[in-house]
Amino acid sequence: MVNWNAASSAILAVAAKEKVDWNEAWGTVLTGIVIVFIALVALVLIVMLFGKISASVTEKAKAVPAAPAPAKPAPAAPAPVAAAPAAVPAGEDMDEIAAVITAALATVLAGEESGKSYVVKSIKRVRNTGSAWRSAGLAENLSSF
């Protein structure tokens, strides 16, 4: 174990024998501080420069129009879907519920025009086991999707 009292007294004894040049000591401290702040200012300027370069590249990409895409035929208007009842009785036909959910998904996904086809393989009820705070957080964070 290190005896800190003996170590500190040894350092003080060495410092007492040698005269400390305080001008040199403070000069070293101030030089270090100035170098650190110059490095920080240089980093800030580099980050700002990268931000401006990135913004100009983004603006140029928006300004140059892309080659016109071939016109896609307008999607056929989906058949109107009747509103589903608010509560599903216990004896309700599950095939009818699956058809309504599939029709709703087809209506929403038709606007994407991605050319992909979707197949509903299963429909499962999701139990709400979270708190109201969890539900509000999910609704807020997923609203952009």
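Residues numbered from 1 in each chain as written. Predicted model: local features only at pLDDT ≥ 70, side-chain atom pairs only at ≥ 80, totals over all residues. Heavy atoms only, no water.

1. Describing the overall build of the chain
Selection criterion: Numbering of helices and strands starts at the N terminus; helices are DSSP runs of H or I of at least 4 residues and strands are runs of E of at least 2. Areas reported as accessible are Shrake-Rupley estimates using a 1.4 Å probe. Residue values count occlusion only from the protein chains shown.
Of regular secondary structure, the chain possesses 4 helices and 0 strands. Listed by position from the N terminus, the elements making up the chain come as α-α-α-α. Accessible surface, the chain as shown: approximately 13600 Å² in total, 68% of it carbon and sulfur.

2. Examining helix α2 (residues 22-63)
Threshold: Helix span, as expected, comes to 1.5 Å for every residue beyond the first. Burial classification: accessible surface area is computed with a 1.4 Å probe over protein chains only, and a residue below 20% of its type maximum counts as buried, one above 50% as exposed, and the rest as partly exposed.
With 42 residues, α2 ought to run about 62 Å at 1.5 Å a step, and its terminal C-alpha atoms sit 61 Å apart, in line with that. By the criterion of burial, α2 is predominantly exposed, with just 0 of the 42 residues buried.

3. Some details on the environment of A98
Within the element layout of this structure, A98 appears in helix α3 (residues 94-110). Here the alpha-carbon distance between A98 and V120, two residues 22 residues apart in the chain, equals 8.7 Å.

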